[in-house]
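A look at the structure
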Amino acid sequence: MENKFLVQAVRGMNDVLPANIAGWERLERVTRELFAAYGFEEMRLPIVEHTSLFKRAIGEFTDIVEKEMYTFTDTGGDSLTLRPEATAGVVRAAITNGMLRGARLKLWTSGPMFRHERPQKGRYRQFHQIDVESIGFPGPDIDAELIAMTARLWKQLGITRVKLKINSLGTSEARRAYREILVAYFRQHQAVLDADSLRRLEGNPLRILDSKNPDMQAVISGAPLLTDHLDPESRDHFDTLCAMLAAAGIEYVVDPRLVRGLDYYSRTVFEWVTDALGAQDAICSGGRYDGLITQLGGEATPAIGFAMGVERVVELLSQVEEEPEPPSADVYVVTAGERAQRAALGIVEGLRDAMPDVTLHVNLGGGNLKKQFARADKSGALLALVLGDGELERGVAALKPLRHEAGQSECALEDLADRIPALLVELAGSPEEL
Ligand code: ATP
Ligand code: MG
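Residues numbered from 1 in each chain as written. Chains lettered and ligands numbered in written order. Predicted model: local features only at pLDDT ≥ 70, side-chain atom pairs only at ≥ 80, totals over all residues. Heavy atoms only, no water.

Here's the deal with empty space enclosed by the protein
Applying the stated criterion across every chain, the model contains 1 cavity of 30 Å³ or more. Looking at the lining of the largest cavity residue by residue, the classes come out as 4 nonpolar, 2 polar and 3 charged. (1 Å grid on protein atoms, 1.4 Å probe; cavity = no way out; pocket = protein on both sides within 12 Å on 5 of 7 lines; lining within 4 Å. Points joined across faces, edges and corners; volume = space filled by probe spheres on them. Nonpolar A, V, L, I, M, F, W, Y, C, P; charged D, E, K, R; others polar.)

Let's talk about the environment of tyrosine 264
For tyrosine 264, the location among the structural elements is in the loop between strand 8 (253-254) and strand 9 (266-274). The exposure class assigned to tyrosine 264 is buried, which follows from its relative accessible area of 5%. Remark: the alpha-carbon pair of tyrosine 264 and glutamate 180, spanning 84 residues in sequence, is separated by 19 Å. Contact partners of tyrosine 264, with chain neighbours within four places excluded, come to Ala57, Ile58, Glu85, Thr87, Arg288, Tyr289 and Leu292. (Helix = DSSP H or I, 4+ residues; strand = E, 2+ residues; numbered from the N terminus. Buried < 20%, exposed > 50% of the residue type's maximum accessible area, 1.4 Å probe, protein only. Contact = heavy atoms within 4.5 Å.)

Some thoughts on the sheet that holds strand 10 (residues 282-288)
Spatially, 8 strands are ordered 1-5-6-11-10-9-7-8 in an open sheet, and the strand pairing comes out mixed. If you trace the sheet from one side to the other, it starts and ends with strand 1 (41-42) and strand 8, each paired once. The pairing of strand 7 (residues 162-168) with strand 8 spans 2 bridges and is parallel. Bridging across to strand 8, isoleucine 166 finds its partner in valine 254. On top of the sheet, helix 4 (residues 87-96) reaches strand 5 (105-114) and strand 6 (126-135); it is set at about 45 degrees to strand 6, its chief contact. (Pairing = 2+ DSSP bridges. Axes fitted to C-alpha atoms, helices over the stretch in contact; angles between N-to-C directions.)

A few points about the environment of threonine 227
Among the secondary structure elements, threonine 227 is positioned in the loop between helix 8 (217-221) and helix 9 (232-247). Expressed as a C-alpha distance, the spacing of threonine 227 and proline 356, which sit 129 residues apart in the sequence, is 60 Å. Apart from residues no more than four positions distant in its own chain, threonine 227 is found in contact with Asn167, Arg235 and Pro256.

Some thoughts on the sheet that holds strand 15 (residues 396-401)
Across the sheet, 5 strands lie side by side as 13-12-14-15-16; this open sheet has mixed pairing. Only two strands of the sheet have a single partner each, and these edge strands are strand 13 (360-362) and strand 16 (409-412). The sheet shows a mean angle of 30 degrees between the axes of neighbouring strands, taken without regard to direction.

Considerations on the domain arrangement of the protein
The domains assigned to the protein are domain 1 (18-171 + 231-317) and domain 2 (331-425). The gap between the C-alpha centroids of domain 1 and domain 2 is 50 Å. (Domains from an automatic or database assignment.)

Thoughts on the nonpolar core
By size, the foremost hydrophobic cluster in this structure holds 44 residues, and its most contacted members are Ile135, Phe186 and Leu209. For this core, the secondary-structure elements that each account for two or more residues are helix 2 (51-58), helix 3 (63-68), helix 4, strand 5, helix 6 (172-188), helix 8 and helix 10 (292-295). Aside from chain neighbours lying at most four places away, what touches isoleucine 135 is Val90, Ala94, Leu100, Ala103, Arg104, Leu105, Leu107, Tyr289, Ile293, Thr301, Pro302 and Ala303. Counting 41 residues, the second largest nonpolar core, distinct from the first, contains Val132, Ile159, Leu164 and Phe270. (Core = buried A, V, L, I, M, F, W, Y, C linked by side-chain atoms within 4.5 Å.)

Here it is, written out as structure tokens:
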């Protein structure tokens, strides 16, 4: 029966439950170590920024700014937005904290992003990104290093069904010239353009190339290629990048139609895609944004970065990984009697101090011995520590192996911290007898 008092989760916003946390933690641990090894430093940024930041950085004629942002006016009258991506915030922070000044910054950050998209598998309204930015490096060596780092990440995670696509968008000047050519082409085919594309023809015709509308694909595939209209420096930059990737043994395909969903890119863009997730196939996307920092009021600084979709990578991980073991305790603490129950916490806290490597689960919420031992079995513990009123009066406790026939033994309270680790080693080393 429907319960009208039940408050549902917000559509497109997910809970990550304990059963699914292992992949998240693994990805977090592996990326943290890998980024450190390449000299990247972490920073943590607000989830909310001024709306104008995203409008200026991402571009007015993008899906994100046109229809996907969670924007609200706060009680002070400011227009604020839940961040839809991380790069704008990283750049804003680098500027406002005075970090630029010709510096070379290698930064990473992570956390939830918000886009009001149509929720489906792999596409959510709150999703998470791990975001990496290199600021102050003109490339293409850093472009190649970033891509190599992502290639190494997949290797370390055991993810194999991925493919790297790269392209160059040239400089904004070269794009301006190409834009004229593109507009002329689409004008010739105006009759087949959808409403979104017609609107973009004026505002940002390059975005038409990124249309996901199947009916638009034919006209898009006939469009002139940006790669044929690159400025000589960008051509050079791109050729060097390709040569470096080849020299590093990193396979790639040049996709001349890869334009990416945000306006701030210039020159190198890349995307890792997989055939293992269905329609939402992009797991890591990035590119160079040499013009963005001046656009946001900072001194001219070249930069490149990428963002990884955590939910999608974790989903890939779950395909290559065994289900993790449920969390298990070493020792389950059972109490018999009221005084023992009151004394248990103090004794266990003392044991946690004395044997920090041993996991103790204390029986909570009472229950008779049978029930407590059932919970002890379920916990996966090798050993039960039984605290009873009578034993405590004599200064002892009982230790009972849970997965071996060996009987219960008594141990003086002050010897527990020595006896328990030794007994656990013994039990772990001998085959279970039950
Ligand atoms: P897509 O083409 O899938 O919409 P995008 O071009 O919008 O991706 P970016 O803005 O570059 O993607 O974000 C980087 C990564 O974040 C993507 O490669 C993807 O893995 C992930 N991502 C983007 N939007 C979502 C979403 N709504 N839900 C889950 N992951 C997402
Ligand atoms: Mg998108």
